[in-house]
Amino acid sequence: FFILKPPWRNWSGFTPMMRLDRAWRRDALTGALLAFCALLPLSIAGINITAVLLTLLLLWSSHSGDSVPWNRALTPFSTTLLAYVAVGAIVSATGVEPAVSVKQLAKDFHKLWLLWLLLVSLPLADTRRVPAVLGGACLLSAAHGIGQALLLRIPLNAAGDTAWMR
């Protein structure tokens with residue numbers, strides 16, 4: 001790939017990614033959090049992508065020496081949700097068909113991961129725009145649902161009869 005050595009090796013203007021300043025990491029975390037809030041009511045896939053991005057940014061911030069408040073994830077609600085996940089795991093493992101019920105555990109772990117992710121990332125980001133972005137996305141989702149209910153006709157049978165969606 002490189003003939004002799006990588007071009008960035010002795011380049012005086014290069015700043016390694018791990019040493020980017022704290023303000024840049026905060027801006028990246030804020031952008032990922034805003035994208036998460038914008039996609040929250042609209043797209044499950046978008047939530048997952050931005051959640052992975054938030055997780056990587058939090059790990060990067062922690063590795064770069066920033067003080068990441070990991071203990072913020074330990075709230076009464078999150079410990080209750082953790083107990084729910086633990087009981088779900090026990091019941092799934094001891095149920096009638098454990099192979100089937102264990103597959104559903106990922107959903108419970110996903111809920112816990114998203115809650116912990118938000119509790120840890122909110123203190124690190126600039127959250128002034130979060131309520132407006134989240135509210136705008138919810139408004140867009142609500143308008144979409146109202147539009148579907150008013151304008152979309154759904155098929156009732158193979159003969160082509162339709163009815164208004166209610």
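Above: the structure in question.
For clarity, every value in this text was computed on a predicted model and none was experimentally measured. (Residues numbered from 1 in each chain as written. Predicted model: local features only at pLDDT ≥ 70, side-chain atom pairs only at ≥ 80, totals over all residues. Heavy atoms only, no water.)

A.B. asks: How should I be thinking about the packing of aromatic side chains in this particular structure?
C.D. replies: A ring pair, where both rings are aromatic, is described by two values, the distance of the centres and the angle of the planes. Under the counting rule described, the total for this entry stands at one aromatic pair. Relative to W60, the ring of W24 has its centre 5.4 Å away and its plane inclined at 70°; by these criteria the two rings are edge-to-face. Of the two residues, W24 sits in helix α1 (residues 22–39) while W60 sits in helix α2 (residues 44–63), which places them 36 residues apart along the sequence. Using a relative accessible area of 41% as the deciding quantity, one classes W24 as partly exposed. (Phe/Tyr/Trp six-rings, centres within 6.5 Å; stacked < 30°, edge-to-face > 60°. Helix = DSSP H or I, 4+ residues; strand = E, 2+ residues; numbered from the N terminus. Buried < 20%, exposed > 50% of the residue type's maximum accessible area, 1.4 Å probe, protein only.)

A.B. asks: Even after reading the chapter, I still don't get the environment of P98, so can you show me in this structure?
C.D. replies: Here P98 shows up in helix α4 (residues 98–101). By relative accessible area, P98 is classed as partly exposed at 31%. The residues contacting P98, other than those within four sequence positions of it, are S92 and A93. (Contact = heavy atoms within 4.5 Å.)

A.B. asks: Explanation requested: α1 in the structure shown.
C.D. replies: Spanning 18 residues, α1 covers 26 Å between terminal C-alpha atoms, matching the ideal 26 Å at 1.5 Å per step. If you check which residues of α1 are buried, you get R25, L29, T30, A32, L33, L34, F36 and C37. For α1, the secondary structure elements touched by its buried residues are α2, α5 (105–121) and α6 (130–151). (Expected span 1.5 Å × (residues − 1).)

A.B. asks: What is the right way to read the nonpolar core from this model?
C.D. replies: Buried together is how nonpolar side chains tend to be arranged in soluble globular proteins. With 20 residues, the main nonpolar core has L29, F36, L54 and L58 as its most contacted residues. Sorting the residues of this core by element identifies α1, α2 and α5 as the ones contributing at least two each. Contact partners of L54, with chain neighbours within four places excluded, come to L29, A32, L33, F36, L117 and S121. Within the second largest apolar cluster, five residues are counted, among which are L81, L112, L115 and L119. (Core = buried A, V, L, I, M, F, W, Y, C linked by side-chain atoms within 4.5 Å.)

A.B. asks: When you look at the side chain of S92 in this model, what are you seeing that I'm missing?
C.D. replies: If you trace the backbone, S92 turns up in helix α3 (residues 76–94). What makes S92 buried here is its relative accessible area of 10%. Within the structure, the side chain of S92 is placed 2.8 Å from the backbone oxygen of G88, a separation counted as a polar contact. (Polar contact = N/O pair within 3.5 Å; in protein donor to acceptor, adjacent residues only side chain to side chain.)

A.B. asks: Quick question: what am I supposed to make of the pattern of salt bridges here?
C.D. replies: Oppositely charged side chains can pair when the atoms bearing their charge come close. Tallied over the entire structure, the rule returns three salt bridges. With a shortest N-O distance of 2.6 Å, D126 and R128 are connected by a salt bridge. The exposure class assigned to D126 is buried, which follows from its relative accessible area of 16%. (Salt bridge = Lys/Arg side-chain N within 4 Å of Asp/Glu carboxyl O.)

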